[in-house]
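Summary of structural features
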Amino acid sequence: MDRLLRAAGRCALAFLLVLGVVALLPRGLRDAVPDAVIGGAVLVLGWVLGAHRMAGRPR
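Residues numbered from 1 in each chain as written. Predicted model: local features only at pLDDT ≥ 70, side-chain atom pairs only at ≥ 80, totals over all residues. Heavy atoms only, no water.

Looking now at the environment of Gly46. Tracing the sequence through the fold places Gly46 in helix H3 (residues 35-55). Sequence separation between Gly46 and Arg10 is 36 residues; the distance between their C-alpha atoms is 5.9 Å. (Helix = DSSP H or I, 4+ residues; strand = E, 2+ residues; numbered from the N terminus.)

Here's what the structure looks like:
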């Protein structure tokens, strides 16, 4: 259960980071970016955060 909550937290963090970056974009560029690109960026960022954390742990 702990791993599930940590994974959910990483996904939420990735989602908020991507939304923050998108909010900083100019309006014209923000409207031109498809929703699928934003969703893909959240998935990739969440995977990178998870892979980074798992790489340093001994088994």
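Our next topic: the nonpolar core. Counting 5 residues, the largest nonpolar core consists of Ala14, Val18, Val22, Ile38 and Val42. Of all the elements in the fold, those that place two or more residues in this core are helix H1 (2-24) and H3. If you tally residues by element for this core, the top one is H1, at 3 residues. (Core = buried A, V, L, I, M, F, W, Y, C linked by side-chain atoms within 4.5 Å. Buried < 20%, exposed > 50% of the residue type's maximum accessible area, 1.4 Å probe, protein only.)

Moving on, we come to the environment of Ala14. Here Ala14 shows up in helix H1. Separated by 34 residues in the primary sequence, Ala14 and Val48 place their C-alpha atoms 9.6 Å from one another. Filtering out sequence-adjacent residues up to four positions away, Ala14 remains in contact with Val42, Leu45 and Gly46. (Contact = heavy atoms within 4.5 Å.)

Here we come to the confidence of the model for the protein. Of all residues in the protein, 83% attain a pLDDT of 70 or more, and the chain-wide mean is 77. Put simply, H3 is where the protein has its lowest mean pLDDT, 74, and helix H2 (residues 27-32) is where it has its highest, 85. (pLDDT = per-residue confidence, 0-100.)

Turning our attention to a nonpolar patch on the surface. On the surface, Met1, Leu4 and Leu5 cluster together into a nonpolar patch covering about 400 Å² of accessible area. Mapped onto the secondary structure, Met1 falls in the segment before H1. Judged by relative accessible area, which is 75%, Met1 ranks as exposed. (Patch = residues over 30% accessible without salt bridge, like charges linked within 9 Å, V, L, I, M, F, W, Y side chains within 5 Å. Areas by Shrake-Rupley, 256 points an atom, 1.4 Å probe, with all protein chains shown as cover. Salt bridge = Lys/Arg side-chain N within 4 Å of Asp/Glu carboxyl O.)

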